[in-house]
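# Working through the structure, step by step
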Number of protein chains: 2
Amino acid sequence: MVAAQDPESFFATAPPLRDADAVDARLQEFIARNSNNAGGGGGRPIVCVTSGGTTVPLEQRCVRYIDNFSSGHRGAASTEYFLKAGYAVIFVHRRGSCQPYCRFMPDDSFLKFLDVNEESKVQVARSHETVVKKSIGDYSKAMECGSLLKLPFTTIFEYLQLLRMVATSVSSVGLRGMFYLAAAVSDFYVPWDSMAKHKIQSAGGPLEMRLSQVPKMLSVLRNQWAPLAFCISFKLETDSDILVQKADMALNKYKMNIVVANLLATYKDEVIIVTNGEKNTIRRCNTDEDLEEQIIILLTQKHSKYIYGSQMGATRVQTEL
Amino acid sequence: MVAAQDPESFFATAPPLRDADAVDARLQEFIARNSNNAGGGGGRPIVCVTSGGTTVPLEQRCVRYIDNFSSGHRGAASTEYFLKAGYAVIFVHRRGSCQPYCRFMPDDSFLKFLDVNEESKVQVARSHETVVKKSIGDYSKAMECGSLLKLPFTTIFEYLQLLRMVATSVSSVGLRGMFYLAAAVSDFYVPWDSMAKHKIQSAGGPLEMRLSQVPKMLSVLRNQWAPLAFCISFKLETDSDILVQKADMALNKYKMNIVVANLLATYKDEVIIVTNGEKNTIRRCNTDEDLEEQIIILLTQKHSKYIYGSQMGATRVQTEL
């Protein structure tokens, strides 16, 4: 098996992203639009929100794959609050995962909230009307302003190629760029060139699998793709004993500006915002409230300080020269 | 590692199904209701449609899992046509997969087909009105008749426990029972008692995994759980060279009445219905048409013949005695 553990060989052996040119064109157009007069000054801040889990195919003609638990709820909710805060959002999401302004949607009984009225028109039941109307309004506004771009992925190959494309583009806006990496990204994968072509047959007894480590792209993002961007990564664990320690490690090793640490059992109710020398726990008080609202308020404040601090630093350096 | 390859040890070591008693009560009530006067004669025929892929958790507090490609579209469409044909349907489906009468739903732009009208009511856009209205009507009818029971699963453990519960219950209706096993069921799994408790850490280099074979429950379904039921299993392959041969093998080995064989690349357009000594290819002529309509017409005819044939056989035996 080829251990494609460095970024170059990962990309060299990955099946190429479909319609890459068209995606890139949409991306350039989006960044240009949100860098003109939009939002005043030098343009809107631009955040890339990644959301949902990546899959790892086990066969080239894929029937089976490894997946990561993620509904995409956090990414979708966060996107709404970033838009509300005046950001332009590139929503890099798992196909079929939770979408911004669609969180009210029931999982499996969608038809229950539609009624046929007296004039035989299909309308949303009164019980859901307020929330749906607000969602349609907010969604339409975001689409009209051109401040939301949705880019879907399924596999780890698609995700990392998209992330690279977005990051190298967003680097053009310098400090105004932010990465909010909420996607649940696979740590292990099967390199494309060592993958079974057809469905693995089950007659041959137990299945032995050897998965390679996915190269740690956070370092590449920070050092090469978008060195000036404000970077937030997520750390999900199931064991509370190692959570903060792992978050601290990620902060230092990958030079993230912030790590959002959460536990599988309580991720909807509580997160710890880890920065250099500071740990803030954010809790929600009741289940009607979105934890993401508080998270995004805190992060956008820290991003503003980062921009201001860096500019002041640069001015000081210039003055001193 | 314990190789839990026999059905007993699979069930003995699986984490128990949540709310099993409540599910069983709903099931008993459903079968009783559809066995009285419903549909005339001795009651409606009852089909268990399984749909969507099962997951195989890799950790007990599950962050990662192996999944099987399946949108659940075939199971959802087939459920609609079984209901239309007068069957009662137990829809055993993957949580979040495609639902009956919801196939018109767009993947990710749901809000696009809702409008706010002049009176400020939220209604379905005119372009989608006809299809949505028909879906709501058909869905309401099925729910009012009490001829649709939806039971969700996620993991292979939940799926097989549900299937056993449904099968042992449906066995009470004898020949009137049918199994339409369209779910994409994992062939390999990690037995619960040999599974990592916490999220597997990625720092330790490549991941070696040894997966056990899932016991072949089709034999148990046929021989023990519901010996008189009419059984249809599915065979999905990616390699056309082995498809029909694998379908024939499944037919004989598991004593299925019918195997529906399809290829990943063409499963929406073409299936081969394999019975003893007969192979019928069903193709759809245009993309507006559901392949499932033709499949269900053929299968319900074969089920009627099976019931009639078995009863005639029984009568003949009684006469001859």
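Residues numbered from 1 in each chain as written. Chains lettered and ligands numbered in written order. Predicted model: local features only at pLDDT ≥ 70, side-chain atom pairs only at ≥ 80, totals over all residues. Heavy atoms only, no water.

Per an unreviewed UniProt entry, chain A carries the name DNA/pantothenate metabolism flavoprotein C-terminal domain-containing protein and comes from Lolium multiflorum. Word for word, the UniProt comment on chain A under Sequence similarities (unreviewed entry) is "Belongs to the PPC synthetase family." (UniProt positions renumbered as here; feature names shortened; annotations may be inferred.)

## Quick notes on the relation of the copies chain A and chain B
Once chain A has been moved 0.0 Å along the axis and rotated by 180°, it coincides with chain B to within an RMSD of 0.0 Å. What the rotation and shift describe, once combined, is the action of a two-fold rotation axis. When the interface residues of chain A are mapped onto chain B, 100% of them again lie at the interface, so the same face is used by both copies. (Least-squares fit on C-alpha atoms with pLDDT ≥ 70 in both. Contact = heavy atoms within 4.5 Å.)

## Some words on helix H3 (residues 73-84) of chain B
Residue and element names in this part refer to chain B. End to end, H3 covers 17 Å across 12 residues, agreeing with the expected 16 Å (1.5 Å per residue, within 8%). Most of H3 sits inside the fold, with 10 of its 12 residues counted as buried. For H3, the set of buried residues is Arg74, Gly75, Ala76, Ala77, Ser78, Thr79, Glu80, Tyr81, Phe82 and Leu83. Backbone geometry just downstream of H3 places Gly86 in the positive-phi region, at approximately 95°. (Helix = DSSP H or I, 4+ residues; strand = E, 2+ residues; numbered from the N terminus. Expected span 1.5 Å × (residues − 1). Buried < 20%, exposed > 50% of the residue type's maximum accessible area, 1.4 Å probe, protein only.)

## As for the pattern of salt bridges
Counted under the stated rule, the structure contains 32 salt bridges over all chains. Here Glu80 of chain A and Arg103 of chain A are joined by a salt bridge, their closest N and O atoms 2.8 Å apart. With Glu80 of chain A in helix H3 (residues 73-84) and Arg103 of chain A in the loop between strand S4 (88-94) and strand S5 (114-116), this residue pair connects regions lying 23 residues apart in the sequence. With a shortest N-O distance of 3.5 Å, Glu158 of chain B and Arg95 of chain B are connected by a salt bridge. Linking Glu158 of chain B in helix H5 (residues 156-170) with Arg95 of chain B in the loop between strand S4 (88-94) and strand S5 (114-116), this pair joins segments that are 63 residues apart in sequence. Its relative accessible area of 44% is what places Arg95 of chain B among the partly exposed residues. Linked through salt bridges whose partners overlap, the residues forming this network are Glu59 and Arg64 of chain A together with Asp187 and Lys216 of chain B. (Salt bridge = Lys/Arg side-chain N within 4 Å of Asp/Glu carboxyl O.)

## Here we look at the packing of helix H2 (residues 20-33) of chain A against helix H5 (residues 156-170) of chain A
Residue and element names in this part refer to chain A. One can describe the packing of H2 onto H5 by two numbers: an axis separation of 10 Å at closest approach and a directional angle of 30°. Between H2 and H5 lies a crossing of right-handed hand. For the pair H2 and H5, the contacting residues are Ala20, Val23, Asp24, Leu27, Gln28 and Ile31 in the first and Leu162, Met165, Val166, Ser169 and Val170 in the second. Residues belonging to the contact of H2 with H5 are distributed by class as follows: eight nonpolar, two polar and one charged. (Axes fitted to C-alpha atoms, helices over the stretch in contact; angles between N-to-C directions. Left-handed = near helix turned anticlockwise from the far one by under 90°. Nonpolar A, V, L, I, M, F, W, Y, C, P; charged D, E, K, R; others polar.)

## A word on helix H6 (residues 217-225) of chain A
Among all positions of H6 of chain A, only Met217, Val220, Leu221, Arg222 and Trp225 of chain A are buried. On its buried face, H6 of chain A sits against helix H1 (7-13), H5, strand S8 (177-181) and strand S11 (230-237) of chain A.

## Remarks on the packing of H5 of chain A against H6 of chain A
Residue and element names in this part refer to chain A. One can describe the packing of H5 onto H6 by two numbers: an axis separation of 10 Å at closest approach and a directional angle of 20°. As summarised for this structure, H5 and H6 are arranged roughly parallel, according to the angle between their axes. Considering only the axes of H5 and H6, their crossing is right-handed. Between H5 and H6, the contacting residues are Leu160, Leu163, Arg164, Ala167 and Thr168 on the first element and Met217, Leu221 and Trp225 on the second. In terms of residue class, the contact of H5 with H6 is made up of six nonpolar, one polar and one charged. (Parallel < 35°, antiparallel > 145°, perpendicular 65-115°, else oblique.)

## Focus: the environment of Lys253 of chain B
All names here are of chain B. Mapped onto the elements, Lys253 comes out in helix H7 (residues 240-253). For Lys253, a relative accessible area of 55% puts it in the exposed group. Between the C-alpha atom of Lys253 and that of Gln99, which follows or precedes it by 154 residues, the distance is 31 Å.

## Section: the side chain of Glu292 of chain A
Its place among the elements puts Glu292 of chain A in helix H8 (residues 291-320). Beyond its immediate chain neighbours, meaning those up to four positions away, Glu292 of chain A contacts His73, Arg74, Ala77, Ser78 and Tyr81 of chain A.

## Comments concerning the UniProt feature "domain: DNA/pantothenate metabolism flavoprotein C-terminal" (unreviewed entry) in chain A
As annotated by UniProt and renumbered to match this structure, "domain: DNA/pantothenate metabolism flavoprotein C-terminal" (unreviewed entry) occupies residues 47-97 and 165-267 of chain A. Each end of residues 47-97 of chain A is marked by a C-alpha atom, and these two atoms are 19 Å apart; helix forms 24% of the span and strand 37%.

## As for the interface of chain A and chain B
Facing 62 residues of chain A, the contacting portion of chain B comprises 62 residues. Inspection of the chain A/chain B interface yields four salt bridges. Our enumeration of links across chain A and chain B arrives at 13 residue pairs in polar contact (both at pLDDT 80 or more). For the side of chain A that touches chain B, the secondary-structure elements that each account for two or more residues are strand S3 (64-68), S5, strand S6 (122-124), helix H4 (126-145), strand S10 (207-213), S11 and helix H7 (240-253) of chain A. Tallied by class, residues from the side of chain A that touches chain B come to 31 nonpolar, 13 polar and 18 charged. Where S10 of chain A lies against strand S10 (residues 207-213) of chain B, five bridges are found, and the strand directions are antiparallel. Counted as the bridge partner of Leu211 of chain A is Leu207 of chain B from S10 of chain B. (Polar contact = N/O pair within 3.5 Å; in protein donor to acceptor, adjacent residues only side chain to side chain. Pairing = 2+ DSSP bridges.)

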